[in-house]
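# Coordinates in review
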Amino acid sequence: MKFILVCLIVFCFVPVTVAQATEITCGTLVNEDIMLDTNLDCRELNSNGLLIGENDITIDLNGYTIAGDASAQAGIWDDGHSGITIKNGSIYGFSVGLLLRNSEDIAIEHLTMAHQAWESIYIEHSDDVRIEDIQVSLVYEASGNETSGVVLFGVEDAKLQDVNAEGSFYGVLSLESKEVKVIDSSFADIWSVGIRLVKNRDALLENNRVVGVGPADCYSAIDVVGEASHHVQIKSNTLAECGFGIF
């Protein structure tokens with residue numbers, strides 16, 4: 001019994017090395033999974049919020065907010081990485097809330113986006129994109145910018161579900177993209193077009209609700225543009241208060 005007790009005491013005092021957490025400030029280059037434990041206020045720093053520097057990164061805002069203004073490009077920015085997850089918090093201000101280019105395997109979920117000067121979410125030349133449970137509030141009339149909830153440019157295989165945008169020029173603008181699905185989403189107080197597809201292939205718009213600010217200002221609830229647009233399915237949507245329902 002005495003031998004066991006001695007061993008236990010020795011064991012209790014063996015040093016343990018604990019990895020230090022990444023210090024997260026405005027402009028941090030994120031090279032590992034992070035979880036915020038406070039708000040990031042970048043408004044007086046003319047700084048991007050966070051920059052992604054590696055593959056397979058999860059940024060968990062953990063209920064907190066990254067705040068900026070239009071002098072800074074993006075709340076969270078990525079170029080050329082895969083396996084990116086951004087979730088659980090708010091992004092306020094900035095020119096663009098989330099800006100991702102040349103990326104793949106992207107999950108964006110459970111976010112509130114407010115008062116971006118241009119796009120809340122902008123994704124370019126990327127594949128395998130999932131955007132779910134996003135609340136967007138924009139102020140097109142006050143800013144005069146052609147604000148958008150979500151812009152996809154040259155994206156393949158994107159699914160937008162439960163995206164709710166209010167007050168924007170475009171709710172969703174998808175350019176030269178393929179296999180884009182917008183489902184179970186809502187776009188209110190739209191100033192131009194709720195969902196605009198330009199040169200899209202194999203798109204599905206289903207069970208969405210689009211309400212414009214009025215027929216004199218909202219051009220169309222759904223707009224499909226370009227001779228290269230093919231195989232676009234539009235099913236079970238509720239459309240109101242625009243000059244055209246589907247154009």
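Notes on the structure follow.

Scoring rules and cut-offs
- Residues numbered from 1 in each chain as written.
- Predicted model: local features only at pLDDT ≥ 70, side-chain atom pairs only at ≥ 80, totals over all residues.
- Heavy atoms only, no water.
- Helix = DSSP H or I, 4+ residues; strand = E, 2+ residues; numbered from the N terminus.
- Buried < 20%, exposed > 50% of the residue type's maximum accessible area, 1.4 Å probe, protein only.
- Contact = heavy atoms within 4.5 Å.
- Areas by Shrake-Rupley, 256 points an atom, 1.4 Å probe, with all protein chains shown as cover.
- Disulfide = S-S within 2.5 Å.
- Phe/Tyr/Trp six-rings, centres within 6.5 Å; stacked < 30°, edge-to-face > 60°.
- Pairing = 2+ DSSP bridges.
- Core = buried A, V, L, I, M, F, W, Y, C linked by side-chain atoms within 4.5 Å.
- Salt bridge = Lys/Arg side-chain N within 4 Å of Asp/Glu carboxyl O.
- Axes fitted to C-alpha atoms, helices over the stretch in contact; angles between N-to-C directions.

## Some remarks on the overall build of the protein
On a plain count of helices and strands, the protein comes out with 2 helices and 24 strands. The burial tally for the protein puts 47% of its 247 residues in the buried class. For the protein, contacts bridging at least 24 residues in sequence account for 50% of all contacts bridging at least 6. By element, 50% of the accessible surface of the protein is carried by carbon and sulfur atoms, the whole surface being about 11900 Å².

## With respect to the state of the cysteines
A covalent bond between the sulfur atoms of two cysteines is referred to as a disulfide. According to the stated counting rule, one finds 2 disulfides in the structure shown. Disulfide pairing places Cys 218 opposite Cys 242 at an S-S distance of 2.0 Å. Disulfide Cys 218-Cys 242: torsion about the S-S bond near 65°, hence right-handed. With Cys 218 in the loop between strand S20 (209-212) and strand S21 (220-225) and Cys 242 in the loop between strand S23 (238-240) and strand S24 (244-246), this residue pair connects regions lying 24 residues apart in the sequence. Assigned by exposure class, Cys 218 and Cys 242 land together as buried.

## Topic: the packing of aromatic side chains
Tallied over the entire structure, the rule returns 4 aromatic pairs. With a centroid separation of 5.4 Å and an interplanar angle of 70°, the aromatic rings of Tyr 219 and Phe 247 are classed as edge-to-face. With a gap of 28 residues between them, Tyr 219 in the loop between S20 and S21 and Phe 247 in the segment after S24 connect regions that are remote in the sequence. Note on Phe 247: relative accessible area 45%, which makes it partly exposed. Taking 4.8 Å as the distance between ring centres and 50° as the angle between the ring planes, the aromatic pair formed by Phe 244 and Phe 247 counts as tilted. Given the relative accessible area of 38%, Phe 244 is considered partly exposed.

## Considering the pairing of strand S5 (residues 57-60)
Both faces of the sheet carry side chains from a regular strand, because those side chains alternate between them. As defined by bridge partners, strand S2 (residues 34-35) adjoins S5 across 2 bridges and the pair is classed as parallel. When the bridges of S5 are listed, Met 35 appears paired with Asp 60. Taken together, the 4 bridges between S5 and strand S8 (residues 82-92) define a ladder with parallel strand orientation. Pairing of Asp 60 across the sheet is with Lys 87, part of S8.

## Some points on the nonpolar core
Among the nonpolar cores identified, the biggest contains 52 residues, and Leu 98, Ile 108, Ile 123 and Ile 131 are the most heavily contacted of them. Those residues in contact with Ile 123 that sit more than four places away from it in its chain are Leu 100, Ile 106, Ile 108, Val 129, Ile 131, Val 151, Leu 152, Phe 153 and Val 155. Val 96, Phe 169, Leu 173 and Trp 191 belong to the second largest nonpolar core, which has 12 residues in total.

## Structural notes on the pattern of salt bridges
Evaluation of the coordinates by the stated rule reveals 5 salt bridges. In this structure, Arg 101 engages Glu 124 in a salt bridge whose closest nitrogen and oxygen atoms are separated by 3.3 Å. With Arg 101 in strand S9 (residues 96-101) and Glu 124 in strand S11 (residues 119-124), this residue pair connects regions lying 23 residues apart in the sequence. The partner of Arg 130 in a salt bridge is Asp 157, and the shortest N-O contact between them spans 3.2 Å. Of this pair, Arg 130 sits in strand S12 (residues 127-137) while Asp 157 sits in strand S14 (residues 156-166), and the two are 27 residues apart along the sequence. Here Asp 157 falls in the partly exposed class, since its relative accessible area comes to 23%. Here the salt bridges share partners, and the residues they tie into one network are Asp 128, Arg 130 and Asp 157.

## Quick look at the sheet that holds strand S7 (residues 74-79)
As summarised here, the arrangement of the 10 strands in space is S1-S4-S7-S9-S11-S13-S15-S18-S21-S24, forming an open sheet in which the pairing is parallel. Two strands in the sheet have a free side with no partner beyond their single neighbour: strand S1 (28-30) and S24. Between one strand axis and the next, the sheet turns by 15° as a mean value, whatever way the strands run. Two elements, S11 and strand S13 (residues 148-153), share 5 bridges in a ladder whose sense is parallel. Bridge assignment links Glu 124 to a residue of S13, and that residue is Phe 153.

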